[in-house]
Amino acid sequence: MKTDVIIVGKGITGLVMSFLLHKKRIPHLLVGREEKQRPLALGETLPPSALPLLQSLGLLALFEAHALKKTTGYHSVWGSNHVTDHNFYFHRPFQYGLKLNKESLINALEEQQQEYIREEGRLTAITETSGAIRVDLDNGKSIEGALVVDATGRKRVVSQALKVEQVEKDQLMCFSCHVPTVRVRGLPHGVFVEPFESGWGIVSELTADTSVMTLFTTKDHEARSLITNYENWPELLGETRHLKSFLSPLNEAKVMGSKANSSRLTEMAGVHWLAIGDAAMAFDPLSSHGITSGIYTAQQAVEAIAKVRKEEGGMPLQDYSQTLTRIFEGYLQQKRQLYRQERRWEERSFWQEMC
Ligand SMILES: Cc1cc2nc3c(=O)[nH]c(=O)nc-3n(C[C@H](O)[C@H](O)[C@H](O)COP(=O)(O)OP(=O)(O)OC[C@H]3O[C@@H](n4cnc5c(N)ncnc54)[C@H](O)[C@@H]3O)c2cc1C
């Protein structure tokens, strides 16, 4: 099989890139794999600042149709015991954010991009030749193209196969569990963030009945072994002002853990490849910017590919890589500032590592 661009990874960023390539009539194929496990709904939130980008790409209506709800803001207790109301009412032009139903959004995007999704397969090898690149799949098929896109999220399957190195800035991990929705007086937004001695946590209302709670700590922290078991959460959150109030006794608690650290590739593009979304640069969920950044990288990548095809000169793929590197460095500074605002446990290993 032959095409121009091969996107590996059918997450939000891979699918959005396919949508944007389709708009520019650039031939491409999207390679995905069947998920073994249904992912836990996290109710990822897009802040109001993300919505103009979606609008400009013609994606706002679709994202709104697959949102669990519009969000009005969030509350946090960070740096002191006071509750801060981060109210989206004051944002322009959009005074709301979107809490996504990611599974339903991905299904809709897949349906929309169906003509480009050829093979459900796992990538087994990538071979670079002088003018092309070949992707081999575990179903025995191969696809040849001019460029391959790594959209495999934090797994970075394409970049690893091409031996591109990655830089990990911390070792943050997250542990999520669905809990019954609890309403706490004075916290009407349904999203609440609060730190504790060995990490921080967020609770986010998915529906009137179910919320998702996620606790964060670092990979080698002693709290990590406790966090994997929901029964230990009341002890870990015992000193929090409000977070502990969202815990309810559960008969069967399923805690799902994964990486949540800040990391990036040393380069985001080469002659026959580029990376988008989490594969290019992965953000701390505290930023709430993973999906927005993923969509932005897909847009920038498509613009760079269009320039290469027009042979306008310059080095569009290298420029793309440099732009992303600059964005990531700016993000790191903001992230450090945010963690440094919390000084109540500045001597504790988690806070030392994250600052
Ligand atoms: C707890 C938590 C909370 C978060 N909250 C927010 C939030 O509020 N707002 C926000 O914007 N972001 C949030 N994020 C981040 C956001 O979820 C990610 O940034 C985003 O989903 C990344 O999308 P992606 O398409 O780049 O990667 P992924 O969603 O990881 O998609 C990668 C795709 O590649 C596929 N794949 C992997 N390996 C292979 C292979 N070998 N062959 C073929 N396909 C493969 C996978 O199956 C998957 O479909 C949060 C993340 C976490 C962990």
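The written sequence of each chain sets the order in which its residues are numbered from 1. Confidence filtering applies because this is a predicted model: local features only for residues at pLDDT of at least 70, side-chain atom pairs given and counted only at 80 or more, and all residues used for totals across whole chains, interfaces and linings.

**Description of the overall build of the protein chain**
Phase 1: The helix count covers DSSP runs of H or I at least four residues long, the strand count covers runs of E at least two residues long, and both are numbered beginning at the N terminus. Each helix and strand in the protein chain was counted, giving 11 helices and 21 strands.
Phase 2: Atoms considered for the radius of gyration are the C-alpha atoms alone. The globule rule reads 2.2 Å times the number of residues to the power 0.38. Relative to the globule expectation of 20 Å for 355 residues, the C-alpha radius of gyration of the protein chain, 21 Å, shows essentially globular dimensions.
Phase 3: Projected onto its principal axes, the C-alpha coordinates of the protein chain cover approximately 60 × 40 × 40 Å.
Phase 4: Counting other C-beta atoms within 10 Å of a residue's own tells you its class, since 20 or more makes it buried, 12 or fewer makes it exposed, and anything in between is partly exposed; those C-beta atoms are placed from the backbone. For the protein chain, buried positions account for 44% of its 355 residues.
Phase 5: Across the protein chain, every contact between residues at least 6 apart in sequence was considered, and the portion connecting residues at least 24 apart equals 70%. Two residues qualify as a contact pair if the distance between their C-beta atoms, derived from the backbone, is within 7 Å.

**Overview of helix H1 (residues 12–23)**
Phase 1: By definition here, a helix of n residues has an expected span of 1.5 Å times n minus one. Between its terminal C-alpha atoms H1 stretches 17 Å, which fits the 16 Å expected from 12 residues at 1.5 Å a residue.
Phase 2: Within H1, 10 of the 12 residues are buried, which leaves the element mostly enclosed by the surrounding structure.
Phase 3: Of the positions making up H1, those classed as buried are Ile12, Thr13, Gly14, Leu15, Val16, Met17, Ser18, Phe19, Leu20 and Leu21.
Phase 4: A positive phi of about 55° marks Arg25, the residue just after H1.

**Regarding the environment of Lys335**
Phase 1: In this fold, Lys335 is placed in helix H10 (residues 316–341).
Phase 2: Exposure remark for Lys335: the 19 C-beta atoms within 10 Å place this residue in the partly exposed category.
Phase 3: Sequence spacing of Lys335 and Met354 is 19 residues, and the spatial spacing of their C-alpha atoms is 8.8 Å.
Phase 4: Those residues in contact with Lys335 that lie beyond four places of it in its chain are Ser262, Asp284 and Ser287.

**Focus on the site of the ligand**
Phase 1: Surveying the vicinity of the ligand reveals 36 residues, the closest of which are Gly9, Gly11, Gly153, Gly277 and Gly290.
Phase 2: For the shell around the ligand, the secondary-structure elements that each account for two or more residues are H1, strand E2 (28–32), strand E3 (45–46), strand E14 (172–180), helix H8 (277–280) and helix H9 (290–310).
Phase 3: A total of 4 residues in the shell around the ligand trace back to one element, the largest contributor, which is H9.
Phase 4: In this classification, the charged set is Asp, Glu, Lys and Arg, the nonpolar set is Ala, Val, Leu, Ile, Met, Phe, Trp, Tyr, Cys and Pro, and all remaining amino acids, among them Gly, are polar. Split by residue class, the shell around the ligand holds 12 nonpolar, 17 polar and 7 charged.
Phase 5: Residue contributions to the shell around the ligand reach at least three from each of two domains, namely domain 1 (5–41 + 101–168 + 262–338) and domain 2 (72–99 + 171–260). Nearness here is judged by the C-beta atom: place it from the backbone, and if it falls within 6 Å of a molecule or strand, the residue counts as near that partner. The domain boundaries here were taken from an automatic or database domain assignment.

**Topic: the pairing of strand E1 (residues 5–8)**
Phase 1: Alternating positions in E1 separate into two faces, Val5 and Ile7 on one and Ile6 and Val8 on the other, with burial throughout.
Phase 2: Two strands form a pair only when DSSP identifies at least two bridges running between them. Pairing of E1 with E2 involves 4 bridges; the strand directions are parallel. Across the sheet, the residue bridging to Ile7 is Leu30, located in E2.
Phase 3: In the classification by handedness, the crossover that spans E1, the intervening H1 and the parallel E2 is right-handed.
Phase 4: Across 4 bridges, E1 lies against strand E12 (residues 147–150) in parallel orientation. When the bridges of E12 are listed, Val5 appears paired with Leu147. Crossovers are marked right-handed if the path from the first strand over the helix to the second runs clockwise, as seen with the strands pointing away from the viewer.

**Observations regarding the domain arrangement of the protein chain**
Phase 1: Its domain assignment divides the protein chain into domain 1 (5–41 + 101–168 + 262–338) and domain 2 (72–99 + 171–260).
Phase 2: One C-alpha centre belongs to domain 1, the other to domain 2, and the line joining them spans 29 Å.
Phase 3: Taken together, the 6 residues of domain 1 in the interface contact 10 residues of domain 2.
Phase 4: Residue composition of the side of domain 1 that touches domain 2, by class: 3 nonpolar, no polar and 3 charged.

**Looking at the packing of H1 against helix H4 (residues 102–112)**
Phase 1: Lines fitted to C-alpha atoms define the axes here, with helix axes fitted over just the stretch in contact, and angles between the N-to-C directions of these axes take values from 0 to 180 degrees. The contact between H1 and H4 brings their axes to 10 Å, and the two run at 30°. Considered as vectors, H1 and H4 are oriented roughly parallel to each other. H4 is crossed by H1, and the crossing has left-handed handedness. Here Ile12, Leu15 and Phe19 of H1 come into contact with H4, specifically with Lys102, Leu105, Ile106, Leu109, Glu110 and Gln112.
Phase 2: Grouping the amino acids of the contact of H1 with H4 by side-chain chemistry returns 6 nonpolar, 1 polar and 2 charged. Roughly parallel means an angle under 35 degrees; roughly antiparallel means over 145; roughly perpendicular covers 65 to 115; every other angle is labelled oblique. Handedness of each helix crossing follows the sense of rotation of the near helix against the far helix: counterclockwise by less than a right angle gives left-handed, clockwise gives right-handed.

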